[in-house]
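# Inside the fold
This is what each chain is made of:
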Amino acid sequence: MRGLKIAAVSVMVTGALYGCSPKAEAPAQGAPPVTVAVPLKQQVRDWDEFTGRFEAVESVDVRARVGGYIQAVHFRDGQMVQRGQLLFTLDPRPAQAALAQAQAQVAQAQSQLSLARANLARSEALLASQAVSKAEYDSNKAAVDAAQANLAAGNAAVRNARLNLEYTRVTAPTSGRVSDRRVDPGNVIAGGSSAGDILTTIISGGPIHFVFDGSEAVLLKYLRQGGANQGAVVNVRLQDESTYKHTGRLDFSDNAVDTASGVIRLRAILPNADGFLRPGMFGSAQVAGAGAYDALLVPDSAIGTDQARRTVAVVNADGTVTNKAVQLGPIVQGLRVVRSGLAPTDRVIIAGLQRAAQPGSKVTPKNGKIEPVAGDASQAPVTQAAPASSASFANSLPAG
C-alpha cells in the first residue's frame, strides 16, 4: 500500500514537471497571399507639363494724342467696346481756335500769292520792252515761289490743326474689354507721346494667349523629334480645376534661349468665346510630346524603392519574389509607365506588396487585373507629365 502511494506521488510530480516544460514550436506559416497581374500594354503619349499665365492677344494703353481738359467720359467701366467707339472727349475750343488761326494764315498766304503773281505778270510784260530790269523780274518771280511755299505751309498747319481737333475725341484703338477710367472729367492731361497720361486700358476679346517658359532640354527634345513642335496640342488647367479642360495649340516659340535663365519662351493660343479666361490668370499646361508609343503600365503603388533605384516586385513560376530595377515614365490614367526593366509576361505584385518579404521569399500568388482610370489620358486628373524643366516658370512633375 505504501508502495502504491509512492508511485502515485511520483506520477503526479512527473506530470507537474511535464506541464511546466516549454511548449513545442508551432509549424511554419504558409506563404503570404499576394495579388499579381501582367503589365497593361497600350499606346500612350507623353505630356510635358509647364506653368504659366494667360495674356491678351492685344493689350492697349489708351492715351490722348493731344493734351487738354477732360470734358466727358463716354463708357462704363469694364464694358465691351468696339474699335472707333468714343471713350473720352477733351475740351475742343483750344483746338478749334488753333484751326481758325491756321485757316486765317492760309487766307493771308493766298492773298500774298495772288499779289506776287500779278507783280510777276507785269514784270514779264515790261521785261519784253526792257522797261524793267532782269533783276526786278527775278525778284518778283522769287516772291511768287515764296508765296507758294507759305501757302503750302499754311495748308499743312490747317491739316495739323484739324487732326488736333479730331484728337480731342479719344476713341477705342481696338475692340475688347475696357478697364476702369484712370482720369475723371475736370482733369487736365498730357498727351501726344508715350509719356502721356494713361486714360484706361483695353484688352482684346476672343482668343487668348497662354505664355510659359520651357527649358533648353525641352527645346532640344522637340527639335530632335522633328521641329519646334509648332501646332502641338496644349491643354490647360486653372488652379481650381482638376482636369485639363481648356484646349489650344502652340503657336509661337521664341527665336533664342535666354542666356541668363536657360529657358525659351513658348506660347499657345486658346479659344475664349465666352471671355471666361482673363489675362493674368495662372494655369498649368500640358504640351503633347512625341507621338503615341506602346508602353507597359502598372499601378504606381506597385513601385518600390531600393536606395536610389525604383523597383517592381515580380513573382516567378516557383512562387519566389524577385525585385526588378525599372526606368519609369509619367502617370497616365492612374497607371505608371515603365519605360524599361519589365517584360510583358512578368507577374507584378499589385496588392499585398507589404506582405512580401525579402527577394527570394515565397508567396501565394492570386491572379488580378490592371485597369486604367476611365477617361482620356490628357484629361484625367491623375495625369502627370514627363520632366520638362527645373527652371522658373517651367516646372515639371518628376517622372520618378
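See the structure printed just above.
Residues numbered from 1 in each chain as written. Predicted model: local features only at pLDDT ≥ 70, side-chain atom pairs only at ≥ 80, totals over all residues. Heavy atoms only, no water.

### Notes on the overall build of the chain
Under the convention used in this document: Under the scheme used here, helices are H or I runs from DSSP no shorter than 4 residues and strands are E runs no shorter than 2 residues, and both carry numbers assigned from the N terminus. When a residue's accessible area, from a 1.4 Å probe over protein chains only, is under 20% of the maximum for its type it is buried; when over 50% it is exposed; and in between it is partly exposed. Should any heavy atoms of two residues lie within 4.5 Å, those residues are considered in contact.
Scanning the chain for helices and strands turns up 4 helices and 23 strands. The proportion of buried residues among the 400 residues of the chain is 37%. Sequence separation of at least 24 residues holds for 75% of the intrachain contacts in the chain that already meet a minimum separation of 6.

### A look at the layout of surface pockets
Applied cut-off: Each cavity reported here is a set of points on a 1 Å grid over the protein atoms alone in which a 1.4 Å probe fits but cannot get out, each pocket an open set with protein on both sides within 12 Å along at least five of seven lines, and each lining residue one with an atom within 4 Å of a point. Grid points are joined across faces, edges and corners, and a volume is the space filled by probe spheres set on the points. Only Asp, Glu, Lys and Arg are considered charged in this grouping, and only Ala, Val, Leu, Ile, Met, Phe, Trp, Tyr, Cys and Pro are considered nonpolar; every other residue, Gly among them, is considered polar.
Of the pockets and cavities examined, the largest pocket occupies roughly 270 Å³. Taken together, Val62, Arg63, Ala64, Arg65, Glu166, Tyr167, Arg169, Val170, Thr171, Pro173, Gly192 and Ser193 make up the lining of the largest pocket. Of all the secondary-structure elements, those providing two or more residues to the lining of the largest pocket are β4 (59-63) and β8 (169-171). Counting residues per element, the lining of the largest pocket draws most heavily on β8, at 3 residues. Its residues assigned to classes, the lining of the largest pocket comprises 5 nonpolar, 3 polar and 4 charged. In this model, the second largest pocket occupies a volume close to 210 Å³. Lining the second largest pocket are 15 residues; nearest its centre among them are Gly304, Thr311, Ala313, Asn323 and Leu353. Put simply, the parts of the chain that give the lining of the second largest pocket at least two residues each are β18 (303-306), β19 (309-315) and β20 (321-332). Among the elements that take part in the lining of the second largest pocket, β18 stands out by supplying 4 residues, more than any other.

### So, the packing of aromatic side chains
Note the threshold: In summary, the pairing rule links any two rings of Phe, Tyr or Trp, Trp by its six-membered ring, whose centres are within 6.5 Å, and it sorts them by plane angle into stacked for under 30 degrees, edge-to-face for over 60 and tilted for everything else.
In total, this model carries 4 aromatic pairs according to the counting rule given. A ring pair is formed by Phe54 and Phe210, whose centres lie 5.0 Å apart and whose planes are at 65 degrees; its orientation type is edge-to-face. Pair noted here: Phe54 is in strand β3 (residues 47-56) and Phe210 is in strand β12 (residues 208-215), with a separation of 156 residues, a long-range link. The same class applies to Phe54 and to Phe210, which are both buried. Note on Phe210 and Phe212: the rings are 5.8 Å apart at their centroids and 40 degrees apart in plane angle, and the pair reads as tilted.

### Concerning helix α4 (residues 216-224)
Just so we agree on the cut-off: Of all possible arcs, the one meant is that of the directions from the helix axis to the C-beta atoms.
Looking only at α4, the buried set comprises Val218, Leu219 and Tyr222. Relative to the axis of α4, the buried residues are bounded by an arc of 100 degrees and lie together on one face. Away from the buried face of α4 by more than 90 degrees, exposed residues Ala217 and Arg224 are located.

### Section: the sheet that holds β4
Worth spelling out the cut-off: Whether two strands pair depends on DSSP finding at least two bridges between them.
The antiparallel open sheet is built from 4 strands, whose spatial order is β4-β11-β9-β6. If you trace the sheet from one side to the other, it starts and ends with β4 and β6 (80-81), each paired once. Direction of pairing for β6 relative to strand β9 (residues 176-178): antiparallel, over a ladder of 2 bridges. Paired with Val81 across the two strands is Gly176, which belongs to β9.

### Let's talk about the sheet that holds β8
Strand order in the open sheet formed by 4 strands is β8-β7-β5-β10, with antiparallel pairing between adjacent strands. Each end of this open sheet is capped by a strand with a single partner; those strands are β8 and β10 (188-189). The sheet contact formed by strand β5 (residues 68-73) and strand β7 (residues 86-90) spans 3 bridges and is antiparallel. From the neighbouring strand, Ile70 faces β7, where its bridge partner is Leu90.

### Observations regarding the nonpolar core
Spelled out, the test is: Working definition of a nonpolar core: buried Ala, Val, Leu, Ile, Met, Phe, Trp, Tyr and Cys residues. They are joined through side-chain atoms within 4.5 Å.
Core analysis: the biggest nonpolar cluster contains 21 residues, and Leu297, Val298, Val312, Leu342, Val348 and Ile370 have the highest contact counts within it. Broken down by secondary-structure element, the contributors of at least two residues to this core are β2 (40-44), β17 (293-299), β19, β20, β21 (335-340) and β22 (348-351). A total of 4 residues in this core trace back to one element, the largest contributor, which is β17. Other than its neighbours up to four places away in sequence, Val348 contacts Thr35, Val36, Ala37, Pro39, Val298, Ala302, Val312, Ala313 and Leu342. With 20 residues, the next largest nonpolar core counts Phe50, Phe210, Val218 and Ala285 among its residues.

### Side note on the pattern of salt bridges
Put simply, the rule is: Just to be clear on terms, a salt bridge is a Lys or Arg side-chain nitrogen sitting within 4 Å of an Asp or Glu carboxyl oxygen.
Enumeration over the complete set of coordinates arrives at 11 salt bridges. Residues Arg93 and Asp91 are paired through a salt bridge, measuring 2.9 Å at the closest nitrogen-oxygen approach. Classification of Arg93 by relative accessible area gives exposed; the value is 58%. A relative accessible area of 15% places Asp91 in the buried class.

### Some points on the pairing of β20
Relative to β20, β19 is paired through 6 bridges, and the arrangement is antiparallel. For Val315, the partnering residue across the bridge sits in β20 and is Val321. Pairing of β20 with β21 involves 4 bridges; the strand directions are antiparallel. Within β21, the position partnered with Val332 by the bridge is Leu335. The antiparallel hairpin formed by β20 and β21 contains 2 residues in its connecting segment, where Gln333 sits at a positive phi of about 55 degrees.

### Let's talk about helix α3 (residues 134-166)
Going by this rule: By this rule, a helix spans an expected 1.5 Å times one less than how many residues it contains.
The terminal C-alpha atoms of α3 lie 48 Å apart, and with 33 residues this matches the ideal 48 Å at 1.5 Å per residue to within 8%. Every buried residue belonging to α3 is among Tyr137, Asn140, Val144, Ala147, Leu151, Gly154, Val158 and Ala161, and all of these are buried. Those residues of α3 that are buried are in contact with α2 (93-128).

### Side note on the environment of Val57
Within the element layout of this structure, Val57 appears in the loop between β3 and β4. By relative accessible area, Val57 is classed as partly exposed at 38%. Separated by 152 residues in sequence, Val57 and His209 have C-alpha atoms that sit 6.0 Å apart. Once residues within four sequence positions are removed from consideration, Val57 is found in contact with Ser204, Pro207, Ile208 and His209.

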